[in-house]
Amino acid sequence: MQAIDLAALNQEMLAQAAAILLLPGDVDRSTAERLRDYVVAGGGLVVVRPGSTLTSLCGLEPLPATTAHGYLCVQAGSAAAAGIASGALQVHAPLQHAS
């Protein structure tokens, strides 16, 4: 595993990576386009709390509601929830609702 500043991310680095993990935040449009090309070519992408430029790439449509603390229920069968256990999950940080 290697930590890289997004400003330094280039096509050569992406070509060598099996998967990319992005921490909370947003990216500029050119970085979002590079990541989209990477995913379309078969690369793996995990995004923690995607910003507005990455929501569509993650298959999400933001909703106006948020949850600060509490529980959320993952809908089994939803493409956005693939690989996540269904049922109640406790939330400890601000969470943007999406469909």
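Fair warning: this is a prediction, and the values are worked out from it, not measured in the lab. (Residues numbered from 1 in each chain as written. Predicted model: local features only at pLDDT ≥ 70, side-chain atom pairs only at ≥ 80, totals over all residues. Heavy atoms only, no water.)

1. Description of the nonpolar core
A general trend in soluble globular proteins is that nonpolar side chains are found buried together.
Piece 1. Core analysis: the biggest nonpolar cluster contains 11 residues, these being Leu9, Leu14, Ile20, Leu22, Val27, Ala32, Leu35, Tyr38, Val47, Leu54 and Leu57.
Piece 2. Mapped onto this core, the elements with two or more residues apiece are strand S1 (19-22) and helix H2 (29-40).
Piece 3. With residues near it in sequence (within four places) discarded, Leu57 still touches Ala32, Leu35, Arg36, Val39 and Leu45. (Core = buried A, V, L, I, M, F, W, Y, C linked by side-chain atoms within 4.5 Å. Buried < 20%, exposed > 50% of the residue type's maximum accessible area, 1.4 Å probe, protein only. Helix = DSSP H or I, 4+ residues; strand = E, 2+ residues; numbered from the N terminus. Contact = heavy atoms within 4.5 Å.)

2. Section: the confidence of the model for the protein chain
If pLDDT is low for a region, its predicted coordinates should not be looked at in detail.
Piece 1. Mean pLDDT over the protein chain stands at 85; residues scoring 70 or higher make up 99%.
Piece 2. At the level of individual helices and strands, the protein chain shows its lowest average pLDDT in strand S4 (residues 70-74), which scores 79, and its highest in H2, which scores 92. (pLDDT = per-residue confidence, 0-100.)

3. Focus: the environment of Glu12
Piece 1. By the secondary structure assignment, Glu12 is in helix H1 (residues 11-16).
Piece 2. For Glu12, a relative accessible area of 54% gives the class exposed.
Piece 3. When the C-alpha positions of Glu12 and Ala79 are compared, they lie 29 Å apart, and in sequence the two are 67 residues distant.

4. Things to note about the layout of surface pockets
With a probe scaled to a water molecule rolled over the atoms, the places where space remains empty come into view.
Piece 1. In this model, the second largest pocket occupies a volume close to 580 Å³.
Piece 2. Looking at the lining of the second largest pocket element by element, the count peaks at 4 residues for S1.
Piece 3. Of the residues contributing to the lining of the second largest pocket, the split by class is 16 nonpolar, 3 polar and 1 charged. (1 Å grid on protein atoms, 1.4 Å probe; cavity = no way out; pocket = protein on both sides within 12 Å on 5 of 7 lines; lining within 4 Å. Points joined across faces, edges and corners; volume = space filled by probe spheres on them. Nonpolar A, V, L, I, M, F, W, Y, C, P; charged D, E, K, R; others polar.)

5. Some remarks on the side chain of Thr53
Piece 1. You can see Thr53 is positioned in the loop between strand S2 (44-47) and strand S3 (62-67).
Piece 2. The class of Thr53 is buried, set by a relative accessible area of 15%.
Piece 3. Engagement of the side chain of Thr53 in a polar contact is seen with the backbone oxygen of Val27, the distance being 2.8 Å.
Piece 4. Contact partners of Thr53, with chain neighbours within four places excluded, come to Asp26, Val27, Arg29, Ala32 and Arg36. (Polar contact = N/O pair within 3.5 Å; in protein donor to acceptor, adjacent residues only side chain to side chain.)

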